[in-house]
Amino acid sequence: MYTYRLYGDTYVLSIDNRQSIVEALAAFCREAGVRCGEITGLGAVDSATLRFFDMSLGHYVDRTYDEQMEIANLTGNVSEKDGQVYLHLHITLGRKDYSALAGHLLDARICGACELFVRPLPGVVGRRFSPEIGINLYEF
Ligand code: FE
């Protein structure tokens, strides 16, 4: 599903072709014991589901794009909710016509390669659902 190696304080991670970014990242964080940290990366996908939190509706609106796209940037963080790895990921995707899509990443399928840096921080950051906002906020 992925291969990785630790360089200093940063993991360099390669997710295999056709894999789900979110499934692979969550499995990696569980295996490496990452409970808090930052994620950056790039690569390519052929299917991605983005979500936009519509404040006026109070919930997420999801949209799937089934086309080959470059991951121009993936940025995110790792925390923990209810004892489970919790990933918060945002992505910018470059389309064939060089326009870009961006949003919260629900999941995407790798098409080719995905190269990530995961930098763990010591300790744990939790999450708690905020009923007034409708999203899971950091809890220290
Ligand atoms: Fe988000």
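Above this text sits the structure in question.
Residues numbered from 1 in each chain as written. Predicted model: local features only at pLDDT ≥ 70, side-chain atom pairs only at ≥ 80, totals over all residues. Heavy atoms only, no water.

(A) Expanded view of the overall build of the protein. For the protein, the count of helices and strands is one helix and nine strands. Of the regular secondary structure in the protein, the N- to C-terminal order runs β-β-α-β-β-β-β-β-β-β. What you see for the protein is a C-alpha radius of gyration of 15 Å, in line with the 14 Å of a compact globule of 140 residues. Along the first, second and third principal axes, the C-alpha atoms of the protein reach 45 × 45 × 20 Å. Counting every position in the protein, which comprises 140 residues, the buried fraction comes to 40%. Carbon and sulfur atoms make up 51% of the accessible area of the protein, which totals about 8000 Å². In the protein, 13 side chains carry a positive charge and 18 a negative one; their mean positions are 1 Å apart. (Helix = DSSP H or I, 4+ residues; strand = E, 2+ residues; numbered from the N terminus. Rg over C-alpha atoms; globule rule 2.2 N^0.38 Å. Buried < 20%, exposed > 50% of the residue type's maximum accessible area, 1.4 Å probe, protein only. Areas by Shrake-Rupley, 256 points an atom, 1.4 Å probe, with all protein chains shown as cover. Lys, Arg positive; Asp, Glu negative; His and termini not counted. Charge placed at Lys NZ, Arg CZ, Asp CG, Glu CD.)

(B) Structural view of the coordination of the iron ion. Around the iron ion, the donor atoms from the protein are His-88 (NE2), His-90 (NE2) and His-104 (ND1), and they sit 2.1 to 2.2 Å away. Donor residues for the iron ion, ordered by position in the chain, follow H-x1-H-x13-H. With a gap of 16 residues between them, His-88 in strand 6 (residues 84-94) and His-104 in strand 7 (residues 100-120) connect regions that are remote in the sequence. Residue class for His-88 comes out partly exposed when judged on its relative accessible area of 23%. Take His-104: its relative accessible area is 14%, and that puts it in the buried class. (Donors = N, O, S within 2.8 Å, 3.2 Å for Na, K, Ca; no water.)

(C) Up close: the pattern of salt bridges. Throughout the structure, instances matching the rule amount to eight salt bridges. Close ionic contact of Arg-95 with Glu-67 constitutes a salt bridge, the shortest N to O distance being 2.8 Å. Of this pair, Arg-95 sits in the loop between strand 6 and strand 7 while Glu-67 sits in the loop between strand 4 (59-65) and strand 5 (69-81), and the two are 28 residues apart along the sequence. Taking the relative accessible area as the measure of exposure, Arg-95 reaches 27% and is therefore partly exposed. In this structure, the salt-bridge partner of Arg-128 is Glu-139, at a minimum N-O distance of 3.2 Å. (Salt bridge = Lys/Arg side-chain N within 4 Å of Asp/Glu carboxyl O.)

(D) Spotlight on the layout of surface pockets. Approximately 220 Å³ is the volume found for the largest pocket. Along the wall of the largest pocket there are 15 residues; nearest its centre are Tyr-60, His-88, His-90, His-104 and Ile-135. Top contributing element to the lining of the largest pocket by residue count: strand 6, with four residues. In terms of residue class, the lining of the largest pocket is made up of eight nonpolar, five polar and two charged. (1 Å grid on protein atoms, 1.4 Å probe; cavity = no way out; pocket = protein on both sides within 12 Å on 5 of 7 lines; lining within 4 Å. Points joined across faces, edges and corners; volume = space filled by probe spheres on them. Nonpolar A, V, L, I, M, F, W, Y, C, P; charged D, E, K, R; others polar.)

(E) Structural view of the nonpolar core. Ranked by size, the top nonpolar core spans 32 residues in total, and within it Ile-15, Ile-21, Leu-25, Ile-39, Leu-74 and Leu-93 carry the most contacts. Of all the elements in the fold, those that place two or more residues in this core are strand 2 (10-15), helix 1 (21-32), strand 3 (37-54), strand 5, strand 6 and strand 7. Setting aside residues up to four positions removed in sequence, Leu-93 forms contacts with Val-45, Ala-48, Leu-50, Met-69, Glu-70, Ile-71, Ala-72, Ser-99, Ala-100 and Leu-101. (Core = buried A, V, L, I, M, F, W, Y, C linked by side-chain atoms within 4.5 Å. Contact = heavy atoms within 4.5 Å.)

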